[in-house]
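Letter by letter, the chains look like this.
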Amino acid sequence: MGEPMLQVRDLHAYYGKSHILQGVTFDVGEGEIVSLLGRNGVGRSTTIKAIMGDVPPSGSIRFKGREIVGLKPHQVARLGLGYVPENRDIFPGLTVRQNLLLGQKSTRHKGRWSVEDLFEVFPRLKERADTPGGVLSGGEQQMLTICRTLMGDPDLIMIDEPTEGLSPMMVELVGKLLAEIAERGVSILLVEQKLTIALRISHRLYVMGHGHIVFEGTPAALNADAAVRKEWLEV
Amino acid sequence: MLELVIFSSLNGVLYGMLLFMLASGLTLIFSMMGVLNFAHASFYMLGAYFGFEISRRIGFWPGFVVAPLLVGAVGALVERYGLRQVHRHGHVAELLFTFGLAFVIEELVQMFWGKLPVDYRVPASLDFTAFTLFQTTYPAYRMFMLLVAVGMFVFLLAILTRTRVGLIIQAALTHPNTVAMLGHDVPRIFMMVFGVGSALAGLAGVIAGPALVTQPSMAALLGPILFVVVVVGGLGSLPGAFVASLLIGLIQTFAVAINLSLSDIFGSGGAAIFGDLWQATVAQLAPVIPYLLLVLILIFRPTGLMGTRET
């Protein structure tokens, strides 16, 4: 087996003087669904922001065999790394369709996803294609942010807390979309606070605590390890 | 009376559209930088001088095309090698940078073209009377200015709302980080916006130069009115800038044409209390009216007519 698609080694990052990431190491393989779990403030979001080049880290991040530490966010995105931020940062004044078109990196390149494909998975978005993104419900906005990133045809998509604050029905829909994404050969790094869908869909999971990885294993292994769940995940 | 209304409206709309050519760029640049660009009116002056220099060598029309492009290039370079470096040190540094730049440009203009107005003339092909109404003639060049200003407005609107680049710009102004994460080169977009904004100011200078006076103080004369426009319209609001440009344009033009004073309306009684102010005509007070509006807007509606941000 060659080098995994995304290889993070001994990643450190600081916000001012606080040492947020203290040597984070993990991998995401091609076509794999991997979850990064942990409570608020342990550095999950900082980890993906560091990968995207939004927070300057030290250590090594290799994507498709290339060192990406030091690249700017748009350069990282253009290599095929998609990022869905947790705050559902849609462009409120633009319509659903315009939001989706902004996700495309260029109009020439035909990727795995078209607007029509995504409308098929989410008929709700199709119905609201010409409404401003700002008036959508929280769940619809979450769908839109994921779909917008997919329009850029990433090979690996990193999704920050997609189920946060959503109704159980919407959580189901998000799970369905993630399965669809994986089916098209896109790797997924799912960042979650709760176990909700992570246990069900992940191939492997990592648990983070205080700036480093404290557990690595399969869903079954995590299920069996009550001590890790109690110490690092449950409230 | 009708004559006054028609001509003042025409001139007011013309002046307003000219203001908008500057205010639109300034508004876009404000949205992305978060501070006002004090040097914006200087790009307008550069446009007039570049236009003059080219027109005197090869003619008005080449200048009309090339001068705005040159000014746009200067603007883009200023953003790339000046503002982008200063940006790291915060808003105050950016503000001071543009403030200093305005002086640098003014001094350079004086070095190259002298302190006196230059002879930038209306081209012969547009130097005729467009129409005569009530024995008053209206110059064709003014109609040309109006046409250019309206054309530019339609062009800008179409780019911003109908094209993909326009969508990316709109999104990048409010959510630069998100847009970068989607794979768009936001710094390059900002450089482009700064360049296009400067080019628009340059275009305004090229066409206003022959009609007004091309002189080193022309930036300092227009700059303050420009700030009134963007604050009254609402900082960062393009529709607001449009409405305020027309409003200020019309107010200025009509005020100059009205020769009424308070004593004409209320009789001479108030003169004892207010002195000469009672006798002053609206025309005499015209220069102060925009600033009065600015002060009132800041007191009663600090976000401006259509703005959403606090000033």
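Residues numbered from 1 in each chain as written. Chains lettered and ligands numbered in written order. Predicted model: local features only at pLDDT ≥ 70, side-chain atom pairs only at ≥ 80, totals over all residues. Heavy atoms only, no water.

Describing the packing of helix α10 (residues 238-257) of chain B against helix α15 (residues 289-300) of chain B
All names here are of chain B. Between α10 and α15, the shortest axis-to-axis distance is 10 Å and the interhelical angle comes to 135°. As far as their axial angle goes, α15 and α10 are oblique. For the pair formed by α10 and α15, the contact residues are Leu247, Ile248, Ile251, Gln252 and Ala255 on the first element and Ile289, Pro290 and Leu293 on the second. (Axes fitted to C-alpha atoms, helices over the stretch in contact; angles between N-to-C directions. Helix = DSSP H or I, 4+ residues; strand = E, 2+ residues; numbered from the N terminus. Parallel < 35°, antiparallel > 145°, perpendicular 65-115°, else oblique. Contact = heavy atoms within 4.5 Å.)

What to know about the confidence of the model for chain B
Averaged over all residues, the pLDDT of chain B is 84; the fraction at 70 or higher stands at 98%. Mean pLDDT values over the elements of chain B span from 71, in helix α12 (residues 271-274) of chain B, up to 90, in helix α2 (residues 40-57) of chain B. (pLDDT = per-residue confidence, 0-100.)

Description of the pairing of strand β1 (residues 6-15) of chain A
Residues and elements named next belong to chain A. Pairing between β1 and strand β4 (residues 57-63): 6 bridges, direction antiparallel. Each bridged residue has a counterpart across the sheet, and for arginine 9 the counterpart in β4 is serine 60. Note: β1 against strand β2 (residues 18-28), 8 bridges, orientation antiparallel. From the neighbouring strand, tyrosine 14 faces β2, where its bridge partner is histidine 19. (Pairing = 2+ DSSP bridges.)

Some remarks on a nonpolar patch on the surface
All names here are of chain B. On the surface, Ile273, Phe274, Leu277, Leu285 and Val288 cluster together into a nonpolar patch covering about 490 Å² of accessible area. The topology assignment puts phenylalanine 274 in helix α12. The exposure class of phenylalanine 274 is partly exposed, given its relative accessible area of 47%. (Patch = residues over 30% accessible without salt bridge, like charges linked within 9 Å, V, L, I, M, F, W, Y side chains within 5 Å. Areas by Shrake-Rupley, 256 points an atom, 1.4 Å probe, with all protein chains shown as cover. Salt bridge = Lys/Arg side-chain N within 4 Å of Asp/Glu carboxyl O. Buried < 20%, exposed > 50% of the residue type's maximum accessible area, 1.4 Å probe, protein only.)

Here's the deal with α10 of chain B
All names here are of chain B. Taking 1.5 Å per residue as the helical rise, α10 with its 20 residues ought to reach 28 Å, and the 29 Å between its terminal C-alpha atoms agrees with that figure. Those residues of α10 not exposed but buried are Gly240, Ala241, Ala244, Ser245, Ile248, Gly249, Gln252, Thr253 and Ala255. Close packing links the buried residues of α10 with α1 (2-33), α9 (218-233), α14 (282-285) and α15. (Expected span 1.5 Å × (residues − 1).)

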